[in-house]
Amino acid sequence: RRAPSARVFWHSMVIHMLFWGGVAQYGTPINVASIQVDLDHLGLTPVEQQQLEAREITRPRQFLRASDTEEKYRALLGELDWSEGRFAQVRDRADLYTFKGIGVHHGTLLERAGLARPQDFREWTARELHDRLAELAAAEYDDVALPRLDFVKVWILAARDGGIPVVMNGG
């Protein structure tokens, strides 16, 4: 079989670029809740952020790993000039925003619904939580995208199970 001509190749490249541009523009916002969470999304003061970066903690997941046991938690808290309440608040926010792709936008909406940690999802059904988030998004926070119901199901199941859940229809 003969290889396609250069002209056919370049015409197909234009079609591919248009297709993938459309996917990126219209598909990604529907299927991807969070791209990247940074330290500055955690509501840190400049001094707090500098203190973490001085300890080579530049990402929320690094902060979580640096405080994932009682011993590490106490050691890092002792090194920082933060109250224990402030430390716990920032740690909870990092945990929430990095949990199962929640991200900053959905994390902010969840916090406004009174859910500060993934463990707080355990008592909710997916439909109830989704409806509550829809109320908040519609009434007060028009700029916040509502998470899909299947995302909310995954968050709740993962919070209950502590692992990667299998999502079934209607669950």
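Everything below is about the structure shown above.
Predicted model, so just to flag it, every value in this text is computed and none were measured.

Novice: How would you sum up the overall build of the chain? Please name residues and give values.
Specialist: On a plain count of helices and strands, the chain comes out with eight helices and zero strands. In the chain, the order of α-helices and β-strands from amino to carboxyl end is α-α-α-α-α-α-α-α. Looking at the chain as a whole, 33% of its 171 residues are labelled buried. A fraction of 50% describes how many contacts in the chain between residues 6 or more apart in sequence connect residues 24 or more apart. Surface exposure of the chain reaches about 10900 Å², of which carbon and sulfur atoms provide 54%.

Novice: Kindly report on the nonpolar core, identifying the contributing residues and their values.
Specialist: With 37 residues, the main nonpolar core has Leu 52, Phe 63, Trp 82, Phe 87, Leu 110, Phe 121 and Leu 129 as its most contacted residues. The leading source of residues in this core is helix H8 (residues 149-161), at six residues. If near-sequence neighbours (up to four positions away) are discounted, Phe 63 is found in contact with Leu 52, Ile 57, Leu 76, Trp 82, Phe 87, Val 90, Arg 91 and Ala 94.

Novice: Quick rundown of the pattern of salt bridges? Include the residues and the values.
Specialist: Scanning the model with the defined rule gives 11 salt bridges in all. Between Arg 74 and Glu 84 there is a salt bridge, and its shortest N-O distance comes to 3.0 Å. Residue Arg 74 is located in helix H4 (residues 70-79), and its partner Glu 84 is located in helix H5 (residues 84-98); the two are separated by 10 residues in the primary sequence. Under the relative-accessibility criterion, Glu 84 is labelled partly exposed at 39%.

Novice: Residue-level account of the packing of helix H6 (residues 103-112) against helix H7 (residues 126-139), with values.
Specialist: Across the interface, H6 lies against H7 with an axial gap of 10 Å and an inter-helix angle of 95 degrees. Comparing their axes, H7 and H6 come out roughly perpendicular. Residues Leu 109, Leu 110 and Arg 112 of H6 form the contact with H7, whose own contacting residues are Leu 129, Leu 133, Leu 136 and Ala 137. Each residue belonging to the contact of H6 with H7 can be placed in one class, and the counts come to six nonpolar, no polar and one charged.

Novice: Describe a nonpolar patch on the surface, and please don't skip the residues or the numbers.
Specialist: On the surface, a cluster of nonpolar side chains totalling about 320 Å² of accessible area is made up of Phe 19, Trp 20 and Val 23. Among the structural elements, Val 23 can be located in helix H1 (residues 6-31). Its relative accessible area of 32% is what places Val 23 among the partly exposed residues.

Reading guide: rules and limits
Residues numbered from 1 in each chain as written. Predicted model: local features only at pLDDT ≥ 70, side-chain atom pairs only at ≥ 80, totals over all residues. Heavy atoms only, no water. Helix = DSSP H or I, 4+ residues; strand = E, 2+ residues; numbered from the N terminus. Buried < 20%, exposed > 50% of the residue type's maximum accessible area, 1.4 Å probe, protein only. Contact = heavy atoms within 4.5 Å. Areas by Shrake-Rupley, 256 points an atom, 1.4 Å probe, with all protein chains shown as cover. Core = buried A, V, L, I, M, F, W, Y, C linked by side-chain atoms within 4.5 Å. Salt bridge = Lys/Arg side-chain N within 4 Å of Asp/Glu carboxyl O. Axes fitted to C-alpha atoms, helices over the stretch in contact; angles between N-to-C directions. Parallel < 35°, antiparallel > 145°, perpendicular 65-115°, else oblique. Nonpolar A, V, L, I, M, F, W, Y, C, P; charged D, E, K, R; others polar. Patch = residues over 30% accessible without salt bridge, like charges linked within 9 Å, V, L, I, M, F, W, Y side chains within 5 Å.

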